[in-house]
Amino acid sequence: MAEPSKVIHIRNVGHEITEADLLQLLQPFGSVSKLVMLRGKNQALLQMQDIHSSVSALQYYSGVQPSVRGRHVYMQFSSHQELTTDQSSHSRNSDQESEPNRILLVTVHHVLYPISVEILHQVFKAYGYVEKIVKFQKSAGFQALIQYQSRHEAVEALAALHGRNIYDGCCQLDIQYSNLCELQVHFNNERTRDFTNPSLPTEQRPRPSQQGFPDPGGLHPFQQPGGPYTQMGRAATVAAAFGGTLPPGVTGTNERCTLIVSNLNTDKTNEDKLFNLFSLYGNIVRIKVLHNKPDLALVEMADGLQAELAVNYLKGATLFGNKLEVNYSKYPTITPAPDAHDYINSGLNRFNSNVVKNYRHCCAPTKMIHVSALAQDVSEEALLAHLSEHGSVVGTKLFEVNGKRQALVLFESEEEATEAL
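Being a predicted model, the structure only gives us computed values, none of them experimental.

A.B. asks: Sorry, what's going on with the overall build of the chain here?
C.D. replies: Helix and strand counts for the chain stand at ten helices and 22 strands. Looking at the chain as a whole, 47% of its 421 residues are labelled buried. For the chain, contacts bridging at least 24 residues in sequence account for 70% of all contacts bridging at least 6. As presented, the chain carries roughly 20800 Å² of accessible surface, and 49% of it is formed by carbon and sulfur atoms.

Written as structure tokens, this is what we have:
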């Protein structure tokens, strides 16, 4: 392999592939200062502004097959360390302002929270019809290309949004006009989206890069709250609680709030016990055990993200000797009825306060439970007497945090701990 260079050598560049196509592949990783199209050899040479940009690009495309207009292209470092001005058919002055264009190149500085296609769409659609979005994540920062229906809309968006923050104190937008004429979007997924063609297929996306996001105590996008922002704000909160990324298997995009829980132990399970278990993962609106099928129950949670956490962590868990099956229900909500237990105003719902802390505690059932809000005079013996009827207690530990008495209780099995909880 050639030693790292600012110049990237691209092979299998067909005659249908334009300079703009190649720029679209590499601009997200940094400025392209020079470009040479070797038409007779179906090759091209692109010089990035610095070696860091070229290394970032090749690292990314080592795990993702670059494709332009349906043709796979192949990249490697060039033996050239520099391209001369005479060689280059595309020489750019980085300080020169681009002409107004309907496609914007957006760089986001000081990224503290995950930024999705949905978030970008919410921000930019206020200034016109957004046709396409392509976003890129790289080690040096975050960039996206936003294509409007008209140049006028892009001009208005740049004037209104350049220098503003998506969230208070972070995620600052640095916007300039792109040199591209048209974004090529072949898939509708979490990285690319064509809003003019919602029937495009999805694609197996590469493993996202690991980022560290701190606790977003004040997560306030500058747009009015509601809609997808509310859901994505929760996703950012969960990601922060878990150290920067959503838990494995959790996408943060589910919108179904009602779950169907099957294979219940009909002799020992009721709505309140299901509430105690499922409220570990979000606020509960209603629970209904089906009288015609008492081993089935519907659980409506406050939002789709919390429902997804419950499915992720409780599917296959054992409760009163039965392995639970937890799936999304075809019913969007549980209709209020005498046989449906309403918990929407319950003071036992955990996610009305200390939201980040409660998300941080989300996990699959373990052998240990945490007991809080204990009275100061509760003894270890009293705690054992209360809990040991549910299984063999291996150990207990009483302690105080900020004057509040708490305990950790270790059972012999996960099933016993789940029953006790």
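A.B. asks: Sorry, what's going on with the pairing of strand β13 (residues 258–262) here?
C.D. replies: Along any regular strand, the residues point their side chains to alternate faces of the sheet. The buried fraction of β13 is high, at four of five residues. Across four bridges, the pairing between β13 and strand β15 (residues 297–301) is antiparallel. Bridge assignment links I260 to a residue of β15, and that residue is L298.

A.B. asks: Even after reading the chapter, I still don't get helix α6 (residues 271–278), so can you show me in this structure?
C.D. replies: Listing the buried residues of α6 in full gives E271, L274, F275, L277 and F278. For α6, the arc enclosing every buried residue in end-on projection is 165°, short of the 170-degree limit, so these residues lie on one face. One side-chain oxygen of the residue at the start of α6 lies 3.2 Å from the amide nitrogen of D272, identifying that residue as N270.

A.B. asks: Hey, could you run me through the sheet that holds strand β22 (residues 404–411) in this one?
C.D. replies: Within a sheet, neighbouring strands are paired by backbone hydrogen bonds and run either parallel or antiparallel to one another. In spatial order, the strands read β20-β22-β21; together these three strands make up an open sheet with antiparallel pairing. Strands with a single pairing partner mark the edges of an open sheet, and in this sheet they are β20 (368–374) and β21 (393–401). Neighbour to neighbour, the strand axes of the sheet diverge by 20° on average, direction disregarded. Relative to β22, β21 is paired through eight bridges, and the arrangement is antiparallel. By the bridge assignment, T396 is partnered in β22 with V409. Contacts from helix α9 (residues 380–387) reach β20, β21 and β22, with the element oriented near 130° to β21.

A.B. asks: Please explain the side chain of E300 as it appears in this structure.
C.D. replies: With respect to the secondary-structure elements, E300 resides in strand β15. By relative accessible area, E300 is classed as buried at 8%. Apart from residues lying up to four places away in sequence, E300 is in contact with C257, T258, N283, I284, V285, R286, T333 and I334.

A.B. asks: Is there a simple way to think about the pattern of salt bridges in this case?
C.D. replies: If charged atoms from side chains of opposite charge come close, those side chains can pair. One pass over the structure, following the stated rule, counts nine salt bridges. Its salt-bridge partner being E118, residue R193 comes within 3.2 Å of it at the nearest N-O pair. With R193 in strand β12 (residues 192–194) and E118 in helix α3 (residues 117–124), this pair connects stretches of sequence that are 75 residues apart. Several salt bridges share partner residues, and in doing so they unite R102, E131, K132 and E182 into one network.

A.B. asks: Would you mind going over the environment of T258 with me for this structure?
C.D. replies: Within the secondary structure layout, T258 lies in strand β13. Given a relative accessible area of 0%, T258 falls into the buried group. Distance in space between the C-alpha atoms of T258 and A302 is 8.8 Å, their sequence separation being 44 residues. If we ignore the near neighbours within four places in the chain, the residues touching T258 are L298, V299, E300, Y328, S329, Y331, P332, T333 and I334. Here Y331 takes part through its backbone oxygen, which lies 3.4 Å from a polar atom of the side chain of T258.

Conventions we followed
- Each residue is numbered by its place in its chain's sequence as written, counting from 1.
- With the structure being a predicted model, the display of local features is reserved for residues of pLDDT at least 70 and the display and counting of side-chain atom pairs for 80 or more, all residues being used for whole-chain, interface and lining totals.
- The side-chain figures draw on all heavy atoms in the structure; neither hydrogens nor water molecules are used.
- Here a helix means four or more residues in a row that DSSP labels H or I, a strand means two or more in a row labelled E, and each is numbered from the N terminus.
- Summary of the burial criterion: residues with accessible area below 20% of their type's maximum are buried, those above 50% are exposed, and those between are partly exposed, where the area comes from a 1.4 Å probe applied to protein chains only.
- Here a residue-residue contact requires only that any non-hydrogen atoms of the pair lie within 4.5 Å.
- Where accessible areas are quoted, they stem from the Shrake-Rupley method and a 1.4 Å probe; at the residue level, only the protein chains shown are allowed to cover.
- DSSP-based pairing: two strands are paired if at least 2 bridges between them are found.
- Regarding the arc, it is the one traced by the directions from the helix axis to the C-beta atoms.
- Counted as a polar contact is a pair of N or O atoms within 3.5 Å, where, for protein atoms, one must be capable of donating a hydrogen and the other of accepting one, and residues adjacent in sequence contribute only when both atoms are in side chains.
- Every axis corresponds to a line fitted to the C-alpha atoms, with the helix fit spanning only the stretch in contact, and the corresponding angles, defined between N-to-C directions, vary from 0 to 180 degrees.
- Note on definitions: salt bridges are taken to be side-chain nitrogens of Lys or Arg within 4 Å of carboxyl oxygens of Asp or Glu.

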